[in-house]
Each structure stands twice: as structure tokens, then as C-alpha cells.
Amino acid sequence: MATIDRQTPTLALAHALAAAGRGLPVFPLSATKLPALRSPHRGEQPSTHCRGECGLPGHGVHDATTDPAAVRALFAAAPRATGYGIACGRTPHRLIGIDLDVDPAYGSDAAGALRQLALQHLFTIPPTVTVLTPSGGRHLWLTGPADATVPNSAGRLAPGIDIRGSGGYLVGPGSVTAHGRYRLAPGTAHLTPAPCPRALLRLLTQPRRPAPAIRGVGASRTPDRRGEGLIQFVLAAHEGQRNTRLFWAACRAYEHGFGDTLADALTAAAVRTGLPEHEARAAIASAARLTSRRGEETNGAA
């Protein structure tokens, strides 16, 4: 585990400025990997969701910039920042992050799953920037074309493989978190992000298959205004409320039969408030399990 001391914020700024100098939009992160600046809209009614149009800092990935003066200003406003995020999907690189997790639940072989996909779909991951994570995983940096929007996802491509695309961000190398330091893999520091193979890009951008009907409820109903209300409820969350609000909204969605349909939108809303995508997916999965058990208990009651 890396040591967080008085020099850590200074080093984080230095690494962020170096990344910005390479055309990578950056913003400060806390030791929890969340944006270091709190939203200026805490407590406001979410009639609209500001993405930085107000001109104030505190909008997470929407604060990301390559301007050195703006980067310094963001870090000055976040003196306890221990790292930096790199916005994906933004010009000029249009970065796509392939996050290979290490987790016993996945058999600790997300890299093997990616190799299997490469064999199945006939593509090769070219040599590219690779960042080693404190957990033993790795982030592969690829670039996307201007005419493709890659969505964020968790486990959609294969178990243990998360994708960081438009609206998402990667923890930059040199960042220090509560779990350790992110660092460039040996032999990749001199590389630039390689273009995403076309076959892999097709996998990343293809539409999701329709969600199956929920047991005991019948075909999933379109969420319409009810779903929009739940999404706005999640977007209104501030620090300390994100998980609770997301879990409550997901429970309501599953209880009314459109949980699977709304899962991606709820995840995206939670990520926009600063919740890591894997935490958002886990909260939604917990809500699905809880409501499923409730349904079984209700159906079995006399």
C-alpha cells in the first residue's frame, strides 16, 4: 500500500500536468478514486443536470481539461487530491480504457477472457500504454475513431472486463489511492495509445440485447416517466447518498418490472454523480436479488 504524505498532492499535480501536456484531459481525484471536488449544486433540485455549464468546478469528469492553468486551478481548489482522472472519449485521443480486473469471482483471469475474445473475433490487442492497478489488474489504453461513441460498461464484454468510454474516466498513472499506487507497466511508458481494433470496436459499440422478462412479472414494461423520475432521483444524490439513492431507485424499478431495462441508465446516472461504475453495478445487482427474494416469498405465502 502506498504512503499518502504531504508530497502526494504535489506529485499528483505534476503527473496530471504531464498527462495534460500529452493531450489527455485531467481532473483531481481523492484517495477513494472519486472526484476530489464536491459538486457546487449540493442540495439543489435536479430540474436540470449541470455538466459544468455553470462555470464552477465540481462536476467530476466534466471538469477535465488539458489547459495547464486550469489544471493548476482545479488542484488548488482540491488541496487533498492524491491522484487524477483522465476523461475518456474526449479529443484528441478519444481514449477507450479496457479495465482487466483481478477478482476471485472471475477466476482472476480477465486477461484470459480478453485473449479468448480476440481468438473468437479475430483481433489482436496491439502494444499500447498499460497501467498496473493496486489490486493487480491492468488498464489498457486504446483510441477510438471520431464517428464512434463507446459506452461505459461493467462485465458486458466478459466477466471481469470493464470498459471506460464516453463520460467515463481512468485513474492516471502516478495516482495514489487508499489501496496503493497506479503505475505504468514496464516497457509501455514510451508508447502512445494504440487504435482500437475494428472487431473489438464493433463489440464495444453494438447495442445491448433486450433484457429478458422478469420472473413472476411478465414482459418488462417500458419505464417511461417512472423511469425518468428514478433517474432524476439518483442524479440528485450528493456525497454520502449515492449508494442509498441508487439502491432505492433500483429496488423500485425491479418491483415495477423494468429493472433490467433501466439498469444501464441508472448506472450512468450514478457514475455522473461520482459513484464508481463497479459499485453502481453491485448496488443494482443487490437490488435485483432482494426484490427477487421478496417476490418468491410473496408468491409462496398462504
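Just so it is clear, the model here is predicted, and its values are computed rather than measured. (Residues numbered from 1 in each chain as written. Predicted model: local features only at pLDDT ≥ 70, side-chain atom pairs only at ≥ 80, totals over all residues. Heavy atoms only, no water.)

Structurally, His59 is set in the loop between β1 (26-29) and α2 (68-77). In this view, His59 contacts Pro40, His41, Cys50, Arg51, Gly52 and Cys54; residues no more than four positions away in its chain are not counted. (Helix = DSSP H or I, 4+ residues; strand = E, 2+ residues; numbered from the N terminus. Contact = heavy atoms within 4.5 Å.)

Along strand β7 (residues 161-164), one buried face is formed by Ile161 and Ile163 and the opposite face, lined by Asp162 and Arg164, is buried too. Across four bridges, the pairing between strand β3 (residues 95-100) and β7 is antiparallel. Looking at the pairing, Leu100 lines up with Ile161 of β7. Direction of pairing for strand β6 (residues 153-158) relative to β7: antiparallel, over a ladder of three bridges. The residue bridging Ser153 from the neighbouring strand is Ile163, located in β7. (Buried < 20%, exposed > 50% of the residue type's maximum accessible area, 1.4 Å probe, protein only. Pairing = 2+ DSSP bridges.)

Turning to the packing of aromatic side chains, a few remarks are in order. Under the defined criterion, the tally for this structure stands at two aromatic pairs. Judged by centre distance (5.1 Å) and plane angle (85°), the ring pair of Phe27 and Tyr169 falls under edge-to-face. Of this pair, Phe27 sits in strand β1 while Tyr169 sits in strand β8 (residues 169-171), and the two are 142 residues apart along the sequence. Relative accessible area serves as the criterion here: at 1%, Phe27 is assigned to the buried category. We classify Tyr169 as buried; its relative accessible area is 16%. The ring of Phe233 has Arg245 sitting right over it, with the charged end atom 4.2 Å from the ring centre. The ring of Trp248 carries Arg252 above its face, with NZ or CZ at 4.9 Å from the centroid. (Phe/Tyr/Trp six-rings, centres within 6.5 Å; stacked < 30°, edge-to-face > 60°. Lys NZ or Arg CZ within 6 Å of the ring centre and 35° of its normal.)

In this section: the environment of Val61. With respect to the helices and strands, the residue Val61 is situated in the loop between β1 and α2. Judged by its relative accessible area of 12%, Val61 is buried. Considered as a pair, Val61 and Pro28 are 33 residues apart in the sequence and their alpha carbons are 9.2 Å apart. Every residue in contact with Val61, bar those within four places of it in the chain, is listed here: Phe27, Ala87, Arg90, Gly167, Gly168 and Tyr169.

On to the nonpolar core, then. Counting residues in hydrophobic clusters, the biggest one holds 30 residues, and the most contacted among them are Val26, Val71, Phe75 and Trp141. Only α1 (8-21), β1, α2, β2 (83-87) and β8 provide two or more residues apiece to this core. No other element matches α1, which puts six residues into this core. Non-local contacts of Val71, meaning those with residues more than four positions away in its chain, are made with Leu13, Ala16, Leu17, Ala20, Val26 and Thr65. With 22 residues, the next largest nonpolar core counts Leu140, Leu142, Ala199 and Leu201 among its residues. (Core = buried A, V, L, I, M, F, W, Y, C linked by side-chain atoms within 4.5 Å.)

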